[in-house]
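For reference, the chains in residue letters:
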Amino acid sequence: MLGFIGCTDTPEAVRGRIFKTPASEMYQQTRSELENAGIDHLVWGLTPFVSNEGVDEQYKPTIELVSAQLRIPIRTKTGDDYEHVEEMLISGEVDIALM
């Protein structure tokens with residue numbers, strides 16, 4: 001017997017719910033959750049898609065924006081490759097990553 005489990009919403013339906021929530025509300029909810037969890041900083045994992053040099057600078061504007069909106073410091077940590085960033089996420093070494 002085979003069983004399949006999956007999402008019941010189509011991607012369009014999920015996107016519709018995300019875009020209906022104002023960014024200010026999402027940031028406020030996230031700030032509250034971080035505060036309730038006692039989290040005072042986040043670590044953003046970076047993938048060296050070209051090389052390790054300059055990766056921090058490429059993501060700096062985005063990270064500064066998110067940090068300002070969440071009102072929490074965000075540090076960066078560059079992985080050796082995509083697999084390493086995935087391992088850092090799984091281990092809890094980084095909190096956020098774009099892959």
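Reading the values: rules and limits
Residues numbered from 1 in each chain as written. Predicted model: local features only at pLDDT ≥ 70, side-chain atom pairs only at ≥ 80, totals over all residues. Heavy atoms only, no water. Pairing = 2+ DSSP bridges. Helix = DSSP H or I, 4+ residues; strand = E, 2+ residues; numbered from the N terminus. Contact = heavy atoms within 4.5 Å. Axes fitted to C-alpha atoms, helices over the stretch in contact; angles between N-to-C directions. Salt bridge = Lys/Arg side-chain N within 4 Å of Asp/Glu carboxyl O. Patch = residues over 30% accessible without salt bridge, like charges linked within 9 Å, V, L, I, M, F, W, Y side chains within 5 Å. Areas by Shrake-Rupley, 256 points an atom, 1.4 Å probe, with all protein chains shown as cover. Buried < 20%, exposed > 50% of the residue type's maximum accessible area, 1.4 Å probe, protein only. Expected span 1.5 Å × (residues − 1). Core = buried A, V, L, I, M, F, W, Y, C linked by side-chain atoms within 4.5 Å.

Participant: I'd like a rundown of the sheet that holds strand 1 (residues 42–46), residues and numbers included.
Facilitator: With parallel pairing, the three strands of this open sheet are ordered in space as 2-1-3. Only two strands of the sheet have a single neighbouring strand rather than two, namely strand 2 (74–78) and strand 3 (96–97). For strand 1 and strand 2, the ladder comprises five bridges, and the chain directions are parallel. Each bridged residue has a counterpart across the sheet, and for Leu42 the counterpart in strand 2 is Ile74. Lying on the sheet, helix 3 (residues 55–70) is in contact with strand 1 and strand 2; it crosses strand 1 at an angle near 150 degrees.

Participant: For the pattern of salt bridges, give the residues involved together with the corresponding values.
Facilitator: Pairs can form between side chains of opposite charge once their charged atoms are near each other. Using the criterion set out here, one finds two salt bridges in the structure. Its salt-bridge partner being Glu64, residue Lys60 comes within 4.0 Å of it at the nearest N-O pair. Taken as a pair, Lys60 and Glu64 lie in helix 3 at a separation of four residues, close to a single helical turn. Lys77 serves as the salt-bridge partner of Glu93, at 2.5 Å between the closest nitrogen and oxygen. Placement of Glu93 in the loop between helix 4 (82–91) and strand 3 and of Lys77 in strand 2 is noted, with a sequence separation of 16 residues between them.

Participant: Please provide a residue-by-residue account of a nonpolar patch on the surface, values included.
Facilitator: Together, Phe49, Tyr82, Leu89, Ile90 and Met99 make up an exposed nonpolar region whose accessible area comes to about 530 Å². By the secondary structure assignment, Ile90 is in helix 4. Given the relative accessible area of 68%, Ile90 is considered exposed.

Participant: Can you tell me about helix 2 (residues 23–36), naming the residues and giving the values?
Facilitator: The end-to-end C-alpha distance of helix 2, which contains 14 residues, comes to 20 Å, matching closely the 20 Å that a straight helix rising 1.5 Å per residue would cover. One or two steps after helix 2, the chain reaches Gly38, where phi turns positive at roughly 70 degrees.

Participant: Break down the nonpolar core for me, with residues and values.
Facilitator: Grouped together as the largest cluster of nonpolar side chains are eleven residues: Leu34, Leu42, Trp44, Leu46, Val55, Tyr59, Ile63, Val66, Leu70, Ile72 and Ile74. Contributions of two or more residues to this core are made by strand 1 and helix 3. The leading source of residues in this core is helix 3, at five residues. Leave out the neighbours within four places in its chain, and Ile72 touches Leu34, Ile39, Asp40, His41, Leu42 and Ser67.

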